[in-house]
Amino acid sequence: MKHLKETLAAQGVHTLIAQFTDLHGVAKGKLIPFAHLDTLLVDGAGFSGPSIWGTGLPRMGPRSEYYGRGDPNTARALPWMPGYARVACDGFVAGEPFDACPRQVLRRQVARLAEKGWMLRTGIEPEFFLLRHTDRGLVPADAHDRLDKPSYDLKSLPRQHEFLAQLADGLNGCGLDVFQIDHEDAHGQYELNFHHADALTSADHLMLFKMAAQVLAERHGMVFSMMPKPFANQPGSGMHFHVSLWSMADTSGKAPRSLFDEGSGDGTRSAAMPPLARHFIAGVLAHSAALCAVAAPTVNSYKRLVVGESLSGTSWAPAYVAHGPNNRTALVRTLSNRFEWRLPDASANPYLATAALIAAGLDGVARELDPGTACTDDLFALPLPAIRARGIPLLPQSLGEAVTALEGDEVVRAALGDTLSEQFIDLKRREWTEYARHVSDWELQRYGSMF
């Protein structure tokens, strides 16, 4: 505690941002004077529980108070906000870890891994849009970003260099180690990658990335958006997870080792995934329908997860439940020592998505599930009858369908916990119903004078 105080004081910190994450994956919190650091770390900052999405807490009584207790390991001075430091908080209610706090949900699954002497590392790859307000609504911030195939465009990157450089420098200053930035497949769309870490730290990093990007984009007169698919004729934003399982360091000082390593023991590589990796991946595939509700949690998510040709052509979004070596058209892309889970989109809560992923993988390991034959074909090029003939399942094609799958999946619901599962399902059912009853401009234009 003393060392942390001295470090933050030396960095000129005068205010703490006590930050927690709500059910929707949105950063929330309050400002705390630096002099009250001890209180934040020991007792926590107090919040009205029912004012937070997904808590289900009452409006009165001892359980109406939600306390965000700061994790000292997350305290970071923010280069883009001199004098301020972000501290990620765990939720507590009535002095106990709150079961519906997303960070606590992930902690529970991390603890399950630790019981086996394992730890999960993730590298989360956020894609995002930079937009601006106009009389026509939100449009790409860069008016000159108009290429038919804008991937890796080196003309638009320099036009956004000031924002991107400030974002990368700020995140590097917080220890995230940004190693690449590129222009993605849609107009106004970018991706920033920082190095992998243990699952909880990666989720914390993702939230810090969003906080930084939102602040800096506003300063440049832009809107930072992690909406999955803002434009019907453009690809959407994914948030792919690179996943690897590791042994934990033991008391003898033995270093962690990859448990997904396909090495044969003599220094060579084998073509097949080791059994543990196959079982874990099989669990992820087996629970994909329920995972969809957590990893693609909005109505808009299913404009990205389309079966067949999308308006934007290649969407890079997996609609088919399959795995394959370096196959970006499959739900799980297998790579050396890890796999890429391509289901999550940019709106996913990183804590809940990771927790659900761990639970699904552990179920596959416990039941020794088989993921089936690896797919080496371009699934986007195959007609739907051919997909069905191969017995490859489809992901849910609407939020309503995904929520129904979640309701019926005991493994994923247990990972989220009773309170959060109930809150999540209720909120997402209401979201789907509101959308289904909404009358859109498309409907008015198509049917208004048709009959």
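This text follows the structure it describes.
Residues numbered from 1 in each chain as written. Predicted model: local features only at pLDDT ≥ 70, side-chain atom pairs only at ≥ 80, totals over all residues. Heavy atoms only, no water.

Draft legend 1. Region of the structure containing the pattern of salt bridges. Per the counting criterion, the structure on display carries 15 salt bridges. Residue Asp90 is joined to Arg103 by a salt bridge in which the shortest nitrogen-to-oxygen separation is 2.9 Å. In this pair, Asp90 sits in strand β6 (residues 84–93) while Arg103 sits in helix α3 (residues 102–115), placing the two residues 13 residues apart along the sequence. With respect to burial, Asp90 and Arg103 carry one shared label: buried. Bridged by salt links that share partners, the residues Asp71, Asp90, Arg103, Arg107 and Asp204 form one connected network. (Salt bridge = Lys/Arg side-chain N within 4 Å of Asp/Glu carboxyl O. Helix = DSSP H or I, 4+ residues; strand = E, 2+ residues; numbered from the N terminus. Buried < 20%, exposed > 50% of the residue type's maximum accessible area, 1.4 Å probe, protein only.)

Draft legend 2. Region of interest: the pairing of strand β10 (residues 178–183). Where β10 lies against strand β11 (residues 189–194), 5 bridges are found, and the strand directions are antiparallel. If you follow Gln180 over to β11, its bridge partner there is Asn193. Linking β10 to β11, which pair antiparallel, is a turn of 5 residues; within it Gly188 sits at a positive phi near 80°. (Pairing = 2+ DSSP bridges.)

Draft legend 3. Quick peek at the pairing of strand β2 (residues 27–33). Of the pairings in the sheet, the one linking strand β1 (residues 15–21) to β2 comprises 7 bridges and is antiparallel in character. Paired with Phe20 across the bridge in β2 is Lys28. A loop of 5 residues connects β1 with β2, the two strands running antiparallel in sequence, and Gly25 in this loop sits at a positive phi of about 85°.

Draft legend 4. Layout of helix α5 (residues 161–173). Spanning 13 residues, α5 covers 18 Å between terminal C-alpha atoms, matching the ideal 18 Å at 1.5 Å per step. Those residues of α5 that fall on the buried side of the exposure criterion are Phe163, Leu164, Leu167, Ala168, Gly170 and Leu171. Within α5, the buried residues cover an arc of 165° as seen down the axis, which keeps them to one side. Exposed side chains of α5 directed beyond 90 degrees from the buried face belong to His161, Asp169 and Gly173. Contacts from the buried residues of α5 go to β8 (118–134), α4 (156–159), β10, β11 and α6 (199–219). Count one or two residues on from α5 and you reach Gly175, which has phi positive near 90°. (Expected span 1.5 Å × (residues − 1). Arc of directions from axis to C-beta. Contact = heavy atoms within 4.5 Å.)

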